[in-house]
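In case you want the letters, here they are:
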Amino acid sequence: MKSWPTVKKISAWLSASVALGCASAYADMTPRQTQLLVQNCVQCHSNPHIGAPLMGDMQVWGELAKEKGEEGLLHSVIFGLKEMPPLGKCSSCSEEDFRAMVRLMANLPTPEKKAQEVVQAGDVK
Ligand code: HEC
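Residues numbered from 1 in each chain as written. Predicted model: local features only at pLDDT ≥ 70, side-chain atom pairs only at ≥ 80, totals over all residues.

Student: Run through the overall build of the chain, naming residues and quoting values.
Tutor: Counting its secondary structure elements, the chain contains six helices and zero strands. Here the analysis covers contacts within the chain between residues at least 6 apart in sequence; of these, 68% occur between residues at least 24 apart. (Helix = DSSP H or I, 4+ residues; strand = E, 2+ residues; numbered from the N terminus. Contact = placed C-beta atoms within 7 Å.)

In structure tokens:
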């Protein structure tokens, strides 16, 4: 099984990130979504030779998130971007799945967390 080392590597990264409080969105992923991510996205997003932002590279993802936001990143996955095929090759992923994956990859806040931040910022009209 060629995919096992990658699965192990990413699982290790996920637990390490959670331990470090880095992947705040991890709780937002269902086990099915984690599986879809590992099966469809990780092969490219853990390969340093194809120009994909690497899983766990928080600096690169932080810049992308700031520049494009959740909607911009979601758009790229759905319509494809250069070497990335439309839907990131995942034909069984829904928009909700892609959102959860994009939030995890780019460490964007989950809807609950976002709502909390808005309330804390006193930004509720
Ligand atoms: C065939 C390889 C490949 C697969 C499969 C793939 N990606 Fe990508 N992805 C890339 C590459 C390459 C880029 C960088 C594109 C660029 O900016 O040149 C990228 C960029 C991205 C970005 C940043 C987009 C932006 O606007 O900068 C996101 C988010 C992303 N991928 C998510 C995913 C998700 C989620 C999946 C699985 C559903 C996935 N990718 C599957 C290769 C892939």
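Student: Break down the site of the ligand for me, with residues and values.
Tutor: Taken together, 27 residues are adjacent to the ligand, and C41, C44, S76, M84 and G88 come closest. For the shell around the ligand, the elements supplying multiple residues, two or more each, are helix 3 (42–45), helix 4 (58–79) and helix 5 (95–106). The dominant element in the shell around the ligand, judged by the number of residues it contributes, is helix 4, at six residues. When its residues are assigned to classes, the shell around the ligand shows 17 nonpolar, six polar and four charged. (Near = placed C-beta within 6 Å. Nonpolar A, V, L, I, M, F, W, Y, C, P; charged D, E, K, R; others polar.)

Student: Account for the nonpolar core, naming residues and giving values.
Tutor: Counting 19 residues, the largest nonpolar core has L37, F98, M101, V102, L104, M105 and A106 as the members making the most contacts within it. Those elements that provide at least two residues to this core are helix 2 (31–40), helix 4 and helix 5. Ranked by residue count, the leading element in this core is helix 5, at seven residues. (Core = buried A, V, L, I, M, F, W, Y, C linked by C-beta atoms within 7 Å. Buried ≥ 20, exposed ≤ 12 C-beta atoms within 10 Å, placed from the backbone.)

Student: Talk me through the packing of helix 2 against helix 5; I want residue IDs and the actual numbers.
Tutor: As a packed pair, helix 2 and helix 5 sit with axes 10 Å apart at the nearest point and diverge in direction by 75°. Viewed along their axes, helix 2 and helix 5 adopt a mutual orientation that is roughly perpendicular. Here helix 2 contributes Q33, L36 and L37 to the contact with helix 5, which in turn contributes D97, A100 and M101. Among the residues forming the contact of helix 2 with helix 5, the class breakdown is four nonpolar, one polar and one charged. (Axes fitted to C-alpha atoms, helices over the stretch in contact; angles between N-to-C directions. Parallel < 35°, antiparallel > 145°, perpendicular 65-115°, else oblique.)

Student: For the packing of helix 4 against helix 5, give the residues involved together with the corresponding values.
Tutor: Where helix 4 meets helix 5, the closest approach of the two axes is 10 Å, and the angle between their N-to-C directions is 160°. Overall, the two elements helix 4 and helix 5 adopt an arrangement that is roughly antiparallel. When you trace helix 4 past helix 5, the crossing you get is right-handed. Facing W61, L64, A65, E70, L73, L74, V77 and I78 of helix 4, the residues of helix 5 in contact are F98, R99, V102, R103, M105 and A106. Grouping the constituent residues of the contact of helix 4 with helix 5 by class yields 11 nonpolar, no polar and three charged. (Left-handed = near helix turned anticlockwise from the far one by under 90°.)

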